Amino acid sequence: MSLAAIPELAPALLDLPFREGYVRSIVFVSLYVSVTAVALSTLFSVPVAVAIGFADFPGKGFVKSVVNTGMGFPSVVVGLIVLFAVSNQGPLGSLDLVFTREAMIMSQFVLATPPITAITLAAVSGVDEGVRDAARALGGTRLDAALVVLKEARYGIATAILAGFGRAVSEVGSVLIVGGNITSADGISKTRTLTTAIQLEARQGQYETAMILGAVLVALVLTVNAVVVHFGDSGVTR
Amino acid sequence: MTIHRRRFVAALGAGAVASTAGCARLGLGGESGAGSDDRPAVAGEELTLTTTTSTYDTGLLDEIHTDFEDLYGVTVDAVAQGTGAALESARNGDADAVMVHARGLEDEFLRNGYGVNRRDLMFNDFVIVGPESDPAGIRGTGSATDALAAIAEAGETFVSRGDNSGTHAKELTLWEAAGTEPGGDWYQETGTGMGEALNAATQQGAYTLSDRGTFISQRSEIDLAILVQGPIEGGPEILANPYGVMAANPGVHDGVNYDLAMAYIGWITSPGVQESISGYEVNGEQLFFPEAVSEDPNFGQYVPEGWSSDSADE
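The rules behind these values
- All residue numbers here refer to positions counted from 1 along the written sequence of the relevant chain.
- Lettering for chains starts from A, numbering for ligands starts from 1, and both go in the order in which the items are written.
- Since the coordinates come from a predicted model, pLDDT governs what is reported: local features require at least 70, and pairs of side-chain atoms require 80 or more to be given and counted, while whole-chain, interface and lining totals use all residues.
- Numbering of helices and strands runs from the N terminus; a helix is a DSSP stretch of H or I covering at least four residues, while a strand is a stretch of E covering at least two.
- Burial in this document is a count-based property: other C-beta atoms within 10 Å of a residue's C-beta are tallied, and the residue is buried at 20 or more, exposed at 12 or fewer, or partly exposed in between, with C-beta positions derived from the backbone.
- It is the C-beta atoms, placed from the backbone, that decide contacts: two residues are in contact if theirs lie within 7 Å.
- UniProt positions are given in the numbering used here, feature names are shortened, and annotations may be inferred rather than shown by experiment.
- Interaxial angles span 0 to 180 degrees and are taken between N-to-C directions of axes, which are lines fitted to C-alpha atoms, for helices over the stretch in contact.
- Any angle between 65 and 115 degrees counts as roughly perpendicular, while under 35 counts as roughly parallel, over 145 as roughly antiparallel, and the rest as oblique.
- In this scheme, a crossing is called left-handed if the near helix is turned counterclockwise away from the far one by less than a right angle; it is called right-handed if the turn is clockwise.
- Polarity classes work like this: nonpolar for Ala, Val, Leu, Ile, Met, Phe, Trp, Tyr, Cys and Pro, charged for Asp, Glu, Lys and Arg, and polar for all others, with Gly in that last group.
- Where each domain begins and ends is defined by an automated method or by a domain database.
- Between the first and last residue of a helix there are one fewer steps than residues, each counted as 1.5 Å, and that sum is the expected span.
- One axis fitted to the seven residues ending at a residue, another fitted to the seven starting there: the angle between these axes is the bend at that residue.
- Strands qualify as paired when DSSP identifies two bridges or more between them.
- By convention in this section, buried Ala, Val, Leu, Ile, Met, Phe, Trp, Tyr and Cys residues joined through C-beta atoms within 7 Å make up a nonpolar core.
- Confidence scores labelled pLDDT are given residue by residue by the predictor and lie between 0 and 100.

Chain B carries the name Molybdenum transporter in an unreviewed UniProt entry, which gives Halorubrum salipaludis as its organism.

Quick look at the structure:
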């Protein structure tokens, strides 16, 4: 969409049939679910990637290829598996998680973890061996060496987080299945995200509304990218 | 995998706390006017209602649910699925109440013990819609099955929901009654909701079967005409579209919120709400006709069709 279209869109945004707070609440749910899932994924993936990157063990190539395969894991399948896990009949049934944001976070965690792990692993592996050796030679512990490598690899890690976030926030299959696309009667989203809202509007033939929500989603992704890139630029301080 | 899961449970605990806090904040902002002391015991609980896209997409539920939420201080989580999926969610214990429109599937659900306290709720009808030009020449045909047979005969494109929804179930019944096995290039299963199927039919100049409610509420977005009317406009009775509501059986799944489900069923079948349903209009047309309130007894609504105590298994 070109910049010239923005002035035309602005009045359209004002007289849309959205109820008050509707768009704000679905943006909130989208961000809440995806950011939480990506944060948890990052906490899990980065140490795992560093551990795999630093270690030498038989089958390392196999582990890498498993992680890479995970990047292409279809989101609807993840949604189904999480649904079975959290459904009243499933192993986590007693926690009553079906049709909740927590279930959506679980499925997005599963979706975001492989790309974040794989790209971080590539970034960590790409850091010159000499950097690690120098850190150790200067009397650093293994942890110090790891931190130095992480600092060197920060652009790669930022890319990894963005890839994970992009996958999570733009995915519609699993959050629809485990979340149920719910709003309350007064139009405040409980588990409706931008993507499932777009799906709903398209189902109802309201393509203009769907397009505007799509524009909001793209703007959101761009903003998050800008913030993360900025964060990566200012460096990892430790 | 098990390791992941443990990490998850820990993380989820934190997540649940955070999200509950968020809900409480939203709740306070949204319903500041309501008192909290004299609320019913179910206040603050959530009712998970699985329903059909054809009910949800008309906007009826959003319109009337606010009243229920205010009355009981609860929230209704309406999940729009096909009738088949809505019943399946309840079968798995993931829904407290279901509102669907496929008597055959509802009866199976009841017979298997998953649902209790079924009530007839409301009805509208199905219509066969298609392009204004009507290439198969079915306009004004008095019989739905003849119309479908004519479409099949002419090989004109027909869009099927193909999603095990109530509308899909009705369509398959009609094909069977017409003695035609649908299939071939002209028969397209979209596997989507009613609105998407109507869009698909518009795009391709195709015929489809729609419930009147969704058709009316989307008429301005689509370019199709009603070619065979349902019983509301004097069409054949086979196109009737009755909606039923029932509670998930708490004897099968002890996690379901049976109290609230019954409160909901009592509320939605009450005279006042039935009146709101008949007063709900889109584009100046009534979408649903209430049928829960009646002077005469209708015992058939509580049990699977054709059930009698004589025929029941010992």
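Let's pick the thread back up.
Q: Just give me the short version of the overall build of chain B, but keep the residues and values in it.
A: Tallying secondary structure elements over chain B gives 11 helices and 12 strands in all. Burial statistics for chain B: of 314 residues in total, 46% are counted as buried. Taking as baseline every contact in chain B between residues at least 6 positions apart, the subset at least 24 positions apart corresponds to 76%.

Q: Could you give an account of the overall build of chain A, naming the residues involved and the relevant values?
A: Along chain A, the regular secondary structure elements total 11 helices and 0 strands. The order of helices and strands in chain A, counted from the N terminus, is α-α-α-α-α-α-α-α-α-α-α. In chain A, which comprises 238 residues, the proportion classed as buried is 44%. For chain A, the share of sequence-separated contacts (at least 6 apart) that also reach a separation of at least 24 residues comes to 76%.

Q: Report on the UniProt feature "domain: PBP" (unreviewed entry) in chain B, specifying residues and quantitative values.
A: When the UniProt feature table is mapped onto this chain, "domain: PBP" (unreviewed entry) is found at residues 48–271 of chain B. Split by type, residues 48–271 of chain B is 40% helix and 25% strand. Its first and last C-alpha atoms lie 23 Å apart.

Q: So what's going on with the packing of helix 4 (residues 75–86) of chain A against helix 5 (residues 101–126) of chain A? Residues and values would help.
A: All names here are of chain A. Interaxial distance between helix 4 and helix 5 falls to 9 Å at its minimum, and their mutual angle equals 135°. The angle between helix 4 and helix 5 places the two elements in the oblique class. Here helix 4 runs over helix 5; the crossing is right-handed. On helix 5, the residues touching Ser75, Val78, Gly79, Val82 and Val86 of helix 4 are Ala103, Met106, Ser107, Val110 and Leu111. Here the residues of the contact of helix 4 with helix 5 sort into 7 nonpolar, 3 polar and no charged.

Q: Before we move on, could you go through the domain arrangement of chain B and cite the residues and values that matter?
A: Residue and element names in this part refer to chain B. We note that the domain assignment places domain 1 (45–123 + 242–302) and domain 2 (125–240) within chain B. Computed from C-alpha coordinates alone, the two centres of domain 1 and domain 2 are separated by 25 Å. Opposite the 21 residues of domain 1 that make contact, domain 2 presents 17 residues. Mapped by element, the contributors of at least two residues to the side of domain 1 that touches domain 2 are helix 2 (53–56), helix 4 (83–91) and helix 5 (103–111). In terms of residue class, the side of domain 1 that touches domain 2 is built from 8 nonpolar, 11 polar and 2 charged.

Q: Give a detailed account of the environment of Asp144 of chain A, specifying residues and quantitative values.
A: Looking at the element boundaries, Asp144 of chain A is found in helix 7 (residues 142–152). Residues Asp144 of chain A and Arg132 of chain A, spaced 12 residues apart in sequence, show a C-alpha to C-alpha distance of 9.1 Å.

Q: Can you lay out helix 6 (residues 144–154) of chain B for me, pointing to particular residues and giving the numbers?
A: All names here are of chain B. Listed in full, the buried residues belonging to helix 6 are Ala144, Ala147, Leu148, Ala149, Ile151 and Ala152. In the core, the buried residues of helix 6 are packed alongside strand 4 (115–130), strand 5 (158–160), helix 7 (166–178), strand 7 (207–211) and strand 8 (225–228). Taken from the residues just after helix 6, Gly155 is the one with a positive phi, measuring 65°.

Q: Talk me through helix 5 of chain A; I want residue IDs and the actual numbers.
A: All names here are of chain A. With 26 residues, helix 5 should cover 38 Å at 1.5 Å per step; its first-to-last C-alpha distance of 36 Å lies within 8% of that length. At Ala112, helix 5 shows its largest bend, some 30°, and a proline, Pro114, comes one to four positions later. Here helix 5 lies mainly inside the structure; 23 of its 26 residues are buried.

Q: I'd like a description of the interface of chain A and chain B, backed by residues and values.
A: With 25 residues of chain A at the interface, the matching set in chain B holds 35 residues. Elements that contribute at least two residues to the side of chain A that touches chain B include exactly helix 2 (22–54) and helix 5 of chain A. When residues in the side of chain A that touches chain B are grouped by element, the largest group, 4 residues, is from helix 5 of chain A. Of the residues contributing to the side of chain A that touches chain B, the split by class is 9 nonpolar, 10 polar and 6 charged.

Q: Kindly report on the pairing of strand 3 (residues 97–100) of chain B, identifying the contributing residues and their values.
A: Residue and element names in this part refer to chain B. Going residue by residue along strand 3, you find Ala97 and Met99 tucked away on one face and Val98 and Val100 tucked away on the opposite face as well. Looking at chain direction, strand 1 (residues 46–52) and strand 3 are connected through 3 bridges and run parallel. Within strand 3, the position partnered with Leu49 by the bridge is Ala97. Both strand 3 and strand 9 (residues 240–248) contribute to a ladder of 4 bridges, which runs antiparallel. Its bridge partner being in strand 9, Ala97 is matched across the sheet by Ala247.

Q: Residues and numbers for the packing of helix 2 of chain A against helix 5 of chain A, please.
A: Residues and elements named next belong to chain A. For the pair helix 2 and helix 5, the least separation of the axes is 6 Å and the interaxial angle reads 40°. In this structure, the crossing between helix 2 and helix 5 has a hand that is right-handed. Residue composition of the contact of helix 2 with helix 5, by class: 19 nonpolar, 11 polar and 1 charged.

Q: Please set out the pairing of strand 4 of chain B residue by residue, giving values where relevant.
A: Residues and elements named next belong to chain B. Two strands pair when backbone bridges link them, and strand 4 and strand 9 are joined in this way by 8 bridges, in the antiparallel orientation. Looking at strand 9, one finds that Met122 is bridged to Tyr243. Taken together, the 2 bridges between strand 4 and strand 12 (residues 289–290) define a ladder with antiparallel strand orientation. The partner of Phe123 across the bridge, within strand 12, is Phe289. Where strand 4 lies against strand 7, 4 bridges are found, and the strand directions are antiparallel. In the strand pairing of strand 7, Val129 is matched with Thr208. Across 3 bridges, strand 4 lies against strand 8 in antiparallel orientation.

Q: Outline the nonpolar core, listing residues and values.
A: Within the largest apolar cluster, 133 residues are counted, with the highest numbers of intra-cluster contacts made by Ala97 and Ile128 of chain B. Broken down by element, the residue count for this core peaks at 14 residues, all from helix 5 of chain A. For this core, the two domains that each supply at least three residues are domain 1 (45–123 + 242–302) and domain 2 (125–240) of chain B. Each residue touching Ile128 of chain B, except ones within four places of it in the same chain, is listed here: Ile138, Ala144, Ala147, Tyr207, Leu209, Leu227 and Val228 of chain B.

Q: Please give an account of unusual backbone geometry that cites residues and values.
A: Residue Asp96 of chain A is not a glycine yet carries a positive backbone phi of 60°. Summarising the element assignment, Asp96 of chain A is placed in the loop between helix 4 and helix 5.

Q: Which residues make up the confidence of the model for chain B, and what values do they have?
A: Residues and elements named next belong to chain B. On average, residues of chain B score 85 in pLDDT, and 86% of them reach the 70 mark or higher. Across residues 1–36, where pLDDT falls below 50, the model places 15 contacts with residues more than four positions away in sequence or in other chains. Across the interface, the model reports ipTM at 0.74; the global pTM reads 0.79.

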